[in-house]
Amino acid sequence: MKKSADKLAIAYVITLSLIPVLTLANLAFQNHVLDAIPYNASTLVTLRGFFLSNLPTIIYILALYILGILNIWKSFSSYEEGDSTVLLNRMLIHKYGLVVFFLFSFITLFILYFFAGTVLTFMTGGLIIPVMLLIMSVMVFFTVIAFWLLILPGSFYALQVILMTYKTGKISLGTAILHGILQFFFLTDVLSAMYLAAVKWGRAKKSSIIVGIVYIVCAIGIIVLIATTIQDFHYFP
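Residues numbered from 1 in each chain as written. Predicted model: local features only at pLDDT ≥ 70, side-chain atom pairs only at ≥ 80, totals over all residues. Heavy atoms only, no water.

1. Regarding a nonpolar patch on the surface
Operational definition: A patch is a set of surface residues, each over 30% in relative accessible area and not in a salt bridge, joined within 9 Å for like charges and within 5 Å for the nonpolar side chains Val, Leu, Ile, Met, Phe, Trp and Tyr. All accessibility values rest on the Shrake-Rupley procedure with a 1.4 Å probe; residue burial counts only the protein chains present in the view. Between Lys or Arg on one side and Asp or Glu on the other, a salt bridge is scored when a side-chain nitrogen of the former is within 4 Å of a carboxyl oxygen of the latter. Strands are runs of DSSP state E lasting at least two residues, helices are runs of H or I lasting at least four, and both sets are numbered from the N terminus onward. Only protein chains enter the accessibility calculation, which uses a 1.4 Å probe; a residue is then buried when its area is under 20% of its type maximum, exposed when over 50%, and partly exposed in between.
A grouping of Ile 61, Tyr 65, Leu 134, Val 138, Phe 141, Phe 142, Ile 145 and Leu 149 is seen on the molecular surface, where their side chains present a nonpolar patch of about 750 Å² in accessible area. Secondary structure elements with two or more residues in the nonpolar patch: α3 (43-81) and α6 (129-167). Looking at the nonpolar patch, the element that brings in the most residues is α6, giving six residues. Mapped onto the secondary structure, Ile 145 falls in helix α6. Residue Ile 145 is classed as partly exposed on the basis of its relative accessible area of 36%.

Set out below in structure tokens:
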């Protein structure tokens, strides 16, 4: 039980972290399959080609969400084991293991959205800004929802840690509720897990310091990036 749950947590983190690499490989595969479709192909052949070109993506998404559901289920059985060390470790595998992935994804998507918006604004002389803002808002909304779903498995482990921490008298009911809310927001979920592990349970102090430093450096970098972006927009007519 213990080893299988640990493997599930590690498998989820590794599978999710491989997205940047797998995306490049998948694009090459899609181009290869789509290029093989003849120009005069029938509708059935064309649809089959599109399906085959997206088959790896479909399999990957299904595998990822199956792993996520299994991790959520294991979080409940992990709590029933009553071993705080094991439960904390599984929570931190999720929270700390995905810090680099989420920071990389946020910065990459921000740059892509900004680049696309800048190019469209420049090409149209600013005429497309209202439409662009609407499209970008929809894209950002669905991106946030998708990424929010990805943090749920780790957040369920954190909820079990919060419950155990409360029942052992280490935090009050109000503090437990606050940490439960923090677990469903980006960035604050990791800070909450860090506080619970390092301060309330005295575990993973070294890794918490490392993650804290990464957070501070990235926070400064993001602020500088946003400030530079806003400043650059002032140059457009």
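2. Some details on helix α8 (residues 188-200)
Put simply, the rule reads: For a helix, the expected span equals 1.5 Å multiplied by the number of residues minus one.
Counted at 1.5 Å a residue, the expected span for α8 with its 13 residues is 18 Å, and the 17 Å between its end C-alpha atoms agrees. The complete set of buried residues in α8 reads Asp 189, Val 190, Ser 192, Ala 193, Met 194, Leu 196, Ala 197 and Ala 198.

3. Regarding the packing of aromatic side chains
What counts, and what does not: Under the pairing criterion, centres of Phe, Tyr and Trp rings, with the six-membered ring standing for Trp, must be within 6.5 Å; the plane angle then separates stacked pairs below 30 degrees from edge-to-face pairs above 60, leaving the rest tilted.
Enumeration according to the criterion identifies seven aromatic pairs in this entry. Seen in terms of ring centroids, Phe 101 and Phe 102 are 5.1 Å apart; in terms of plane orientation they differ by 70°. Their pairing is edge-to-face. For Phe 101, a relative accessible area of 6% corresponds to the buried category. Relative to Phe 142, the ring of Phe 141 lies with its centre 5.3 Å away and its plane at 80°, an arrangement referred to as edge-to-face. Classification of Phe 142 by relative accessible area gives exposed; the value is 54%.

4. A closer look at α3
Using the following cut-off: Note that bend, as reported per residue, equals the angle between axes fitted to the 7 residues terminating at that residue and the 7 residues originating from it.
Over its 39 residues, α3 runs 55 Å from end to end, which matches the ideal 57 Å to within 8%, given 1.5 Å per residue. Its axis deflected by about 45° at Asn 54, α3 carries its strongest bend there, up to four residues before the proline Pro 56. Positive phi appears at Gly 82, one or two residues downstream of α3, with a value of about 75°.

5. Quick look at the pattern of salt bridges
If you walk through the whole model with that rule in mind, you get three salt bridges. In this structure, Arg 90 engages Asp 6 in a salt bridge whose closest nitrogen and oxygen atoms are separated by 2.8 Å. Here Asp 6 lies in helix α1 (residues 2-17) and Arg 90 lies in helix α4 (residues 84-97), a separation of 84 residues in the sequence. For Arg 90, a relative accessible area of 0% corresponds to the buried category. For Asp 6, a relative accessible area of 25% gives the class partly exposed. For the salt bridge of Arg 90 with Glu 81, the shortest nitrogen-to-oxygen distance reads 3.7 Å. Counted as one network, the salt bridges with shared partners bring together Asp 6, Glu 81 and Arg 90.

6. Side note on the side chain of His 179
Rules: By definition, residues are in contact when any of their heavy atoms lie within 4.5 Å.
Its location among the elements puts His 179 in helix α7 (residues 173-182). Residue His 179 is classed as buried on the basis of its relative accessible area of 6%. With residues near it in sequence (within four places) discarded, His 179 still touches Ile 162, Ser 192, Tyr 195 and Leu 196.

7. Regarding the packing of α4 against α8
Convention followed: Lines fitted to C-alpha atoms define the axes, with helix axes restricted to the stretch in contact, and inter-axis angles between N-to-C directions lie between 0 and 180 degrees. Every angle not falling under 35 degrees, over 145, or within 65 to 115 is termed oblique; those three ranges are roughly parallel, roughly antiparallel and roughly perpendicular. Should the near helix be turned counterclockwise from the far one by less than a right angle, the crossing is left-handed, whereas a clockwise turn marks it as right-handed. Residue polarity follows a fixed list, in which Ala, Val, Leu, Ile, Met, Phe, Trp, Tyr, Cys and Pro are nonpolar, Asp, Glu, Lys and Arg are charged, and the others, Gly among them, are polar.
At their nearest, the axes of α4 and α8 sit 10 Å apart, and the two run at 150° to each other. In terms of axis orientation, α4 runs roughly antiparallel to α8. As α4 runs across α8, the sense of the crossing is left-handed. Judged by residue contacts, Leu 88, Met 91, Leu 92, Lys 95 and Tyr 96 of α4 engage Asp 189, Val 190, Ala 193, Met 194 and Ala 197 from α8. Residue classes in the contact of α4 with α8 are distributed as eight nonpolar, no polar and two charged.

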